[in-house]
Structures are given as C-alpha cells and as structure tokens.
Amino acid sequence: MSTATQSTIETGTWAVDKSHSKVGFSVKHMGIANVRGEFTDFEGSLEVAEDGTVKASGTVAADTVDTNDAKRDEHLRSNDFFGAEDNPQIRFESKSIEGDGDDLKITGDITINGITKEITLDAEITGADTDPWGNDRVGLEVSGQVNRKDFDMVWNQALGSGNVLVGDKVKLTLDISAVKQA
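Computed from a predicted model, the values in this text were never measured in an experiment.

With that out of the way, let us pick up the nonpolar core. By size, the foremost hydrophobic cluster in this structure holds 41 residues, and its most contacted members are Ile-9, Phe-39, Phe-82, Ile-90, Ile-110, Leu-140 and Leu-172. For this core, the elements supplying multiple residues, two or more each, are strand E3 (22-29), strand E5 (42-48), strand E6 (53-61), strand E8 (89-100), strand E9 (103-112), strand E10 (115-130), strand E11 (136-147) and strand E12 (166-180). The leading source of residues in this core is E12, at 5 residues. Residues in contact with Ile-9, not counting those within four places in the same chain, are Trp-14, Leu-46, Val-48, Ile-125, Val-138 and Leu-140.

Shown next as structure tokens:
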C-alpha cells in the first residue's frame, strides 16, 4: 500500500454501490470489432487511512458474465475461459496506489481463472458529492488491460483470413460510484 497524495477521497471506508457502477470489458472479435461485456455481481471497497494510505479491493462473480449472447456467455463460464465452476471469483487486491490529485496508478494482484498476476490500472477520480439522502459519494473511472492467455484462457479458432476468432488483449473498464460507510 502507498499514498495517493492530494486525493479528493476523504479518510474512511468506501463501498462500491453496485446499482450505480459497472465492471466491464472488451475484446476483439475476428480482429475487426469489439465485443463488450460486463459482470452483474461484484463488490469492492476503498480504505483511506488517516496517514493517506489507500487500499483498494474487489471481487466479481465470474458466472455473472453478460455479453448479450447466452451461448457466448455459457462458453465464457466454461473451462475454456473463466472456469467459473472451479474459480467462482475474480479478485483484485491493491499493493500500491500512487498519484497526484485525481489521476492514480493502482498496482495490485488480479486473480482470474485461479491464476494471479500483477496488473497496473489507471484511475481517475471523477468527483465527490453528497447525495440527496446524505451519503458521501466518490466516482472513479478505472481502466487497464490483461492478456487472457496469462490466465490460461487459450481457446481460439483460426480464420481463413489469418485472424483469430478471439483477441488476446482484454480491455478492462470500471465505472465506480462508492459510498462512504458510517
């Protein structure tokens, strides 16, 4: 863990508000178009200590992948990809958060398909405010990418053009609204 200096996130514990957040991804299909998806069940938190130390963590239910195609989603849940039956959660735990102001670099361990790798995510604090019910909120936009082969997701199909059905690079996008806990 490390310090994110001059952050607009106040000291305390912040829980991700699922109803106002999204955990998404995109990957090239046939080398020509992006297929986008999201996970519908997730949770996460930010812990900001008095000394400015920040810790971020989150989990995603792998079997809640949704790409608007039931057959594709079932394939993504299989051992060819997420192995959701044996590895029901995708997990992230920060090791360091660095930055100045509202632009942060979050480095941590991500576990997908039972395999843990280090990743660095870019995060932007998009604002903070108090909602009409008196809850303090903070918004973040987080992005990064992984190579799916690093997580033993190697299934693919070669196409006559020389392209493959599924790209290796997976872009991650998180739109987060977090609520300060009492």
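Counted by the stated rule, this structure contains 3 aromatic pairs. Consider the rings of Phe-39 and Phe-82, whose centres lie 5.5 Å apart with planes at 75 degrees: the pair is edge-to-face. Linking Phe-39 in strand E4 (residues 33-39) with Phe-82 in the loop between helix H1 (70-77) and E8, this pair joins segments that are 43 residues apart in sequence. The exposure class assigned to Phe-39 is buried, which follows from its relative accessible area of 6%. Members of the aromatic cluster, each reached through a chain of ring pairs, are Phe-25, Phe-39 and Phe-82.

With that settled, consider a negative patch on the surface. Among the surface-exposed residues, Asp-100, Asp-102, Asp-103, Glu-124, Glu-141 and Asp-175 lie close enough to one another that they form a single negatively charged patch. Looking at the element boundaries, Asp-102 is found in the loop between E8 and E9.

Moving on, we come to the confidence of the model for the protein chain. Detailed reading of predicted coordinates is not advised where the pLDDT is low. A residue-level look at the protein chain finds 96% of positions with pLDDT of 70 or above and a mean pLDDT of 93. Confidence scores differ between elements of the protein chain, with strand E1 (residues 2-3) showing the lowest mean pLDDT of 42 and strand E7 (residues 65-66) the highest of 98. Note that pLDDT drops below 50 for residues 1-6; the model gives that stretch 28 contacts with residues more than four away or on any other chain.

Another aspect to go through is the side chain of Ser-177. Its location among the elements puts Ser-177 in strand E12. Of the residues examined, Ser-177 reaches a relative accessible area of 12% and is grouped as buried.

Rules and cut-offs
By convention here, each chain's residues receive numbers from 1 onward along its written sequence. Confidence filtering applies because this is a predicted model: local features only for residues at pLDDT of at least 70, side-chain atom pairs given and counted only at 80 or more, and all residues used for totals across whole chains, interfaces and linings. By convention in this description, side-chain values take in all heavy atoms of the structure and omit both hydrogens and water. Here the nonpolar core consists of buried residues drawn from Ala, Val, Leu, Ile, Met, Phe, Trp, Tyr and Cys, with membership extended through side-chain atoms lying within 4.5 Å. Categorising residues by exposure relies on relative accessible area from a 1.4 Å probe, with only protein chains included: less than 20% of the type maximum marks a residue as buried, more than 50% marks it as exposed, and the intermediate range marks it as partly exposed. Here a strand is any run of E in DSSP of at least two residues, a helix any run of H or I of at least four, and the numbering for each starts at the N terminus. Contacts are residue-level and defined by heavy atoms, with any inter-residue pair within 4.5 Å sufficient. By convention, a stacked pair of Phe, Tyr or Trp rings (six-membered ring in the case of Trp) has centres within 6.5 Å and planes under 30 degrees apart, an edge-to-face pair has planes over 60 apart, and any other such pair is tilted. Each patch is built from residues that are more than 30% exposed by relative accessible area and take part in no salt bridge. Like charges join if they lie within 9 Å; nonpolar side chains (Val, Leu, Ile, Met, Phe, Trp, Tyr) join within 5 Å. Per-residue and other accessible areas were derived by the Shrake-Rupley procedure at a 1.4 Å probe size, with only the shown protein chains allowed to occlude residues. One speaks of a salt bridge when a side-chain nitrogen belonging to Lys or Arg is within 4 Å of a carboxyl oxygen belonging to Asp or Glu. Here Asp and Glu are counted as negative and Lys and Arg as positive; His is not counted, and neither are the chain ends. To locate a charge, take NZ of a lysine, CZ of an arginine, CG of an aspartate or CD of a glutamate. How sure the predictor is of each residue is captured by pLDDT, a score from 0 to 100.

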